[in-house]
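One-letter residues, chain by chain:
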Amino acid sequence: MKLKSIHVAVITLVFIFGGIALTSLLGMWKTTNDKIPAKYKDGEFAGQYNPADIRGSYTFNDISNAFEIPIEDLGKAFGVEDPAKYASFQCKELESMYALLAAEGKEVGTGSVRYFVALYKGLPIEVEEDTYLPKTAVEILKAKAKLTEEQIKSIEKYSVALPEVSAAFSVSASSPENATADRIIKGSTTFKDLMDWGVKKEAIEKIINDKIPDPGKTIKDYSSAKGLEFSTLKEPLQKLVDTVKK
Amino acid sequence: MPQEMLNKSSTPTARTRKKTRPWYRTAVQSFFFILVALISLNQILKEAGLAIPFLSEASLHAICPFGGVVSIYKFATVGTFVQKIHESSFILMFIAFMLAVLFGPVICGWVCPFGTFQEWVGKLGKKIFKKKYNQLIPNNFDKYLRFIRYIILLLVIYKTAATAKLMFQDVDPYYALFNFWSDEVSVTALIVLGVTILLSLFVERPWCKYACPYGAVLGIFNLFRVFKIRRNSSTCINCKACDRACPMNISVSTGAAVLNHQCISCMKCTSENTCPVEGTVELSIREGKNV
């Protein structure tokens, strides 16, 4: 059997669009998340929703519906000031809300929500090292969840105080005289950005213990190339930037 | 070769003909390039409330079959997808695998917009370097470089499994090409894109040859695909036109069937496209010795 290019063209298009059409008819074709987390497939918790599948686009309402956690607990735990916004608040908004904390290597974001939900419901989860919980969330967990001594110690260790966070967030967001607070090292920050912010080249080189390879290179890429965690360089460099601000 | 010589040779059935190269592949490639570009553009328009009607509002991640490949581990162990990946990626992955079982990496040669983009840039390179184009890297060196993409594939799968995040996005030139305006694109990905564009002026499809982890996956199907590029040695006049036509520098003229992991099923080498003797290089099921 021999095929010409017209056959390959037709078969390819039929497979791709036929496959999409067929799976759409069967309700399997999904290009967005339906805001319902996956369930544990086996083990003790089989059939229950898995908090590890909570995505940044999930609202507190989606989480409340799936995990049967009162929406007020979610809103208060994560410092959302206006109760009217609890339902529509998306997990990913936490990352920008607490960007200053992330700069210190203490991330309060979608991972924190997953952690909170897992503890609240007594479900297993793996948490990244830089995932923190607001102190308000820790208090709610202590009051409403069945936690072991070890878990209590752990969440107390990895907690941050929200009043400080809120103050810092509001300062950086609203006060023009503190515009330099925007100088936060992110994944896209280059060595040149640091120097433009007034950090001396020699001071940077002292921290990275190396010559700056290319000022246009991002610190994140440089860290990866050197086999280092981004936070290893980000933290001391951020301190340097903060010193210049003062 | 003159017609008389062919007819008087040991291959009396061989006939040459003037080539009118089929346009089907170019049409399919252009269609998918435009489709993906429009879907990417639709993401911005959607945010502005101006989404193009009837066009998917999916993200590029949701329509990339490689997203399915890197999600396999997480799906098998936890039952969920890697961040930004959805069911659609998995479905496209299976469709691509089914096509690869039949025709090999037809997704690379016919569908992948980034492969198409490199070919288009390569047309400029061909004008500059003429016959030297795509022949600039010594074969002894080049044949080892072709396996780098398998190392990259292993790294990507390991890093994605370890972090459950779409790590490849940070270096993916395909994502960078269709989202270069977005702050989601890392500087590294833009640099990789720039380097790929530059290399495409010297080498045909450099990303596909040396670095694409998805091409590495699909390339394995060349070993056992149902329809193979086969050469009929009894009618072959050894003009090596098939070798010269191959964008992946595969020596089609030295065996009976192409099993090379780099073949992208573009069919440029076939009698339909380049081979001057009808019925000599074809996509078929017939058995034969391998290249």
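All values derive from a computational prediction rather than experimental measurement.

Undergrad: So what exactly am I meant to see when it comes to the overall build of chain B here?
TA: Assigned secondary structure in chain B consists of 13 helices and two strands. A fraction of 72% describes how many contacts in chain B between residues 6 or more apart in sequence connect residues 24 or more apart. Approximately 13,600 Å² of chain B is accessible, and the part contributed by carbon and sulfur atoms is 67%.

Undergrad: What's the story with empty space enclosed by the protein in this structure? I'm lost.
TA: In this approach a probe as big as a water molecule rolls over the atoms, and the regions it shows empty are the leftover space. Residues and elements named next belong to chain B. Summed over the entire model, instances satisfying the criterion amount to two cavities of 30 Å³ or more. Contributing to the lining of the largest cavity are 14 residues, with Cys246, Cys263, Cys266, Met267 and Cys269 lying nearest its centre. For the lining of the largest cavity, a count of residues per class yields twelve nonpolar, one polar and one charged. Forming the walls of the second largest cavity are Arg231, Cys236, Ile237, Asn238, Cys239, Lys240, Cys242, Ser253, Cys275, Val277, Thr280 and Val281.

Undergrad: I'm lost on the packing of helix α3 (residues 65-77) of chain B against helix α4 (residues 87-103) of chain B in this one. Help?
TA: The packing of two helices is summarised by the inter-axis angle and the distance between the axes. All names here are of chain B. Orientation of α3 relative to α4, taken along the N-to-C sense of each, is 110 degrees, at an axis distance of 7 Å. Between α3 and α4, the crossing angle belongs to the class labelled roughly perpendicular. Along its contact with α3, which presents Pro65, Gly67, Gly68, Val69, Ser71, Ile72 and Phe75, the element α4 presents Ser89, Phe90, Leu92, Met93 and Phe97. Looking at side-chain class alone, the contact of α3 with α4 contains eight nonpolar, four polar and no charged residues.

Undergrad: Any chance you could explain unusual backbone geometry here in plain terms?
TA: Most peptide bonds are trans, and most residues other than glycine sit at a negative phi. Residue and element names in this part refer to chain B. Here the phi dihedral of Asn134 falls at roughly 70 degrees; this positive angle occurs in a residue that is not glycine. By the secondary structure assignment, Asn134 is in the loop between α6 (113-129) and α7 (139-145). The exposure class assigned to Asn134 is buried, which follows from its relative accessible area of 9%. Notably, Ser265 is not glycine yet its phi reads approximately 55 degrees, a positive angle. Within the secondary structure layout, Ser265 lies in the loop between α13 (241-245) and β2 (281-284).

Undergrad: How do you make sense of the pattern of salt bridges when you look at a structure like this?
TA: Once the charged atoms of two side chains with opposite charge are near each other, the side chains can pair. Counted by the stated rule, this structure contains ten salt bridges over all chains. Between Asp53 of chain A and Arg55 of chain A there is a salt bridge; the shortest N-O distance is 3.3 Å. For Glu204 of chain B, the salt bridge goes to Lys126 of chain B, with nearest N and O atoms at 3.7 Å. Taken together, the positions of Glu204 of chain B in the loop between α10 (187-200) and α11 (206-210) and Lys126 of chain B in helix α6 put the pair 78 residues apart, joining distant regions of the chain. Residue Glu204 of chain B is classed as buried on the basis of its relative accessible area, which comes to 5%. Taking relative accessible area as the criterion, Lys126 of chain B reaches 34% and is therefore assigned partly exposed. Salt bridges sharing partners connect three or more residues here, namely Glu139, Lys142 and Glu156 of chain A.

Undergrad: Please clarify how the interface of chain A and chain B should be interpreted in this entry.
TA: As a measure of interface size, the accessible area lost when the parts come together is often cited. Counting from both sides, the interface comprises 35 residues of chain A and, opposite them, 45 residues of chain B. The contact between chain A and chain B buries some 3,200 Å² in all, and 66% of this surface belongs to carbon and sulfur atoms. Contact with chain B buries surface across chain A, with Ser5, Phe15 and Arg55 of chain A losing the most and accounting together for 16% of the total. Counting across the interface, chain A meets chain B through one salt bridge. Between chain A and chain B we count five residue pairs in polar contact (both at pLDDT 80 or more) in total. Elements represented by at least two residues in the side of chain A that touches chain B include exactly β1 (2-3), α1 (5-25) and α12 (219-225) of chain A. Taken together, the residues that form the side of chain A that touches chain B break down as 15 nonpolar, nine polar and eleven charged.

Undergrad: Is there a simple way to explain the sheet that holds β1 of chain A in this structure?
TA: Across the sheet, which stays open at both edges, the three strands sit in the order β1(A)-β2(B)-β1(B) with antiparallel pairing between neighbours. Each edge of the open sheet carries a strand with a single partner, namely β1 of chain A together with β1 (228-231) of chain B. Looking at chain direction, β1 of chain B and β2 of chain B are connected through four bridges and run antiparallel. By the bridge assignment, Arg230 of chain B is partnered in β2 of chain B with Glu282 of chain B.

Undergrad: Whenever I open this one, the confidence of the model for chain A confuses me. Can you help?
TA: Close reading of the predicted structure is inappropriate where its pLDDT is low. All names here are of chain A. Mean pLDDT for chain A: 82, with 89% of residues reaching 70 or above. Confidence, expressed as mean pLDDT per element, reaches its minimum in chain A at helix α9 (residues 162-174) with 44 and its maximum at α1 with 96. Here residues 163-181 scores under 50 on pLDDT; set against residues more than four positions off or in separate chains, the count is 15 contacts.

Undergrad: Explain the packing of helix α6 (residues 110-121) of chain A against helix α7 (residues 135-144) of chain A here, please?
TA: All names here are of chain A. Between α6 and α7, the least distance of the axes is 9 Å, while the angle of their chain directions is 15 degrees. Between α6 and α7, the angle falls in the class roughly parallel. With respect to the hand of their crossing, α6 and α7 are arranged in right-handed fashion. Along the contact surface, α6 presents Phe116, Leu119 and Tyr120, while α7 presents Ala137, Ile140, Leu141 and Lys144. Residues that form the contact of α6 with α7 fall into these classes: six nonpolar, no polar and one charged.

Conventions and cut-offs
Residues numbered from 1 in each chain as written. Chains lettered and ligands numbered in written order. Predicted model: local features only at pLDDT ≥ 70, side-chain atom pairs only at ≥ 80, totals over all residues. Heavy atoms only, no water. Helix = DSSP H or I, 4+ residues; strand = E, 2+ residues; numbered from the N terminus. Contact = heavy atoms within 4.5 Å. Areas by Shrake-Rupley, 256 points an atom, 1.4 Å probe, with all protein chains shown as cover. 1 Å grid on protein atoms, 1.4 Å probe; cavity = no way out; pocket = protein on both sides within 12 Å on 5 of 7 lines; lining within 4 Å. Points joined across faces, edges and corners; volume = space filled by probe spheres on them. Nonpolar A, V, L, I, M, F, W, Y, C, P; charged D, E, K, R; others polar. Axes fitted to C-alpha atoms, helices over the stretch in contact; angles between N-to-C directions. Parallel < 35°, antiparallel > 145°, perpendicular 65-115°, else oblique. Buried < 20%, exposed > 50% of the residue type's maximum accessible area, 1.4 Å probe, protein only. Salt bridge = Lys/Arg side-chain N within 4 Å of Asp/Glu carboxyl O. Buried area = accessible area lost by both parts, 1.4 Å probe. Polar contact = N/O pair within 3.5 Å; in protein donor to acceptor, adjacent residues only side chain to side chain. Pairing = 2+ DSSP bridges. pLDDT = per-residue confidence, 0-100. Left-handed = near helix turned anticlockwise from the far one by under 90°.

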